Amino acid sequence: MKNLFVAVLVVLCLAAPFSAFAQRVGGGDLTFSPKNASPVVFSHEKHVTEKGLKCTGCHYQIFQMTQGSNKIDMSKITKGDFCGKCHNGQKAFDAKDEKNCVRCHR
């Protein structure tokens, strides 16, 4: 009985890190708080699962993964940097069009 308990405990200890990783695949939602604008909620789920994008499509070509390393602002986005690489009216909705502001800023 003791051996069974130990075996179950070992399996659980080994499985726990993998289950935590599985829950974070896609990165979850990120909230950015730009100055003079409503917060932006970025959904990894929407981009990865719903749109079928690969993590490597954005990381590290467009975005670094270290929090705070990307100095994002609307002037850069509208020039085609960061989110503007795709949100240009061709690949995805145009970030320059003011009617689309509420799609990101909430």
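A brief report on the enclosed structure follows. All of these numbers come straight from a predicted model, not from anything done at the bench.

1. Comments concerning a nonpolar patch on the surface
Residues Leu30, Phe32 and Ile72 make up a contiguous nonpolar surface patch of about 220 Å² in total accessible area. Structurally, the position occupied by Phe32 is in strand β1 (residues 29-32). Among the residues examined, Phe32 registers a relative accessible area of 38% and is labelled partly exposed.

2. Quick look at the pattern of salt bridges
What the rule picks out here adds up to two salt bridges. Between Glu50 and Lys46 there is a salt bridge, and its shortest N-O distance comes to 3.9 Å. Pair noted here: Glu50 and Lys46 are both in helix α2 (residues 44-50), with a separation of four residues, about one helical turn. Between Asp97 and Lys99 there is a salt bridge; the shortest N-O distance is 3.7 Å. Asp97 gets classed as partly exposed once you look at its relative accessible area, which sits at 31%.

3. Focus on the environment of Asp73
Along the chain, Asp73 turns up in the loop between α2 and α3 (74-78). Expressed as a C-alpha distance, the spacing of Asp73 and Pro34, which sit 39 residues apart in the sequence, is 7.5 Å. Polar contacts involving the side chain of Asp73 include one to the side chain of Ser75, which spans 2.5 Å. Polar side-chain contacts of Asp73 include one of 3.0 Å to the backbone nitrogen of Lys76.

4. A closer look at unusual backbone geometry
Most peptide bonds are trans, and most residues other than glycine sit at a negative phi. Here the amide bond leading from His59 into Tyr60 is cis, since omega sits at 10°, within 30 degrees of zero. Positive phi values are uncommon outside glycine, yet Asn36 reaches one of about 60°. The topology assignment puts Asn36 in the loop between β1 and β2 (40-43). Residue Phe82 is not a glycine yet carries a positive backbone phi of 50°. Here Phe82 lies in the loop between α3 and α4 (101-104).

Conventions and cut-offs
Residues numbered from 1 in each chain as written. Predicted model: local features only at pLDDT ≥ 70, side-chain atom pairs only at ≥ 80, totals over all residues. Heavy atoms only, no water. Patch = residues over 30% accessible without salt bridge, like charges linked within 9 Å, V, L, I, M, F, W, Y side chains within 5 Å. Areas by Shrake-Rupley, 256 points an atom, 1.4 Å probe, with all protein chains shown as cover. Salt bridge = Lys/Arg side-chain N within 4 Å of Asp/Glu carboxyl O. Helix = DSSP H or I, 4+ residues; strand = E, 2+ residues; numbered from the N terminus. Buried < 20%, exposed > 50% of the residue type's maximum accessible area, 1.4 Å probe, protein only. Polar contact = N/O pair within 3.5 Å; in protein donor to acceptor, adjacent residues only side chain to side chain.

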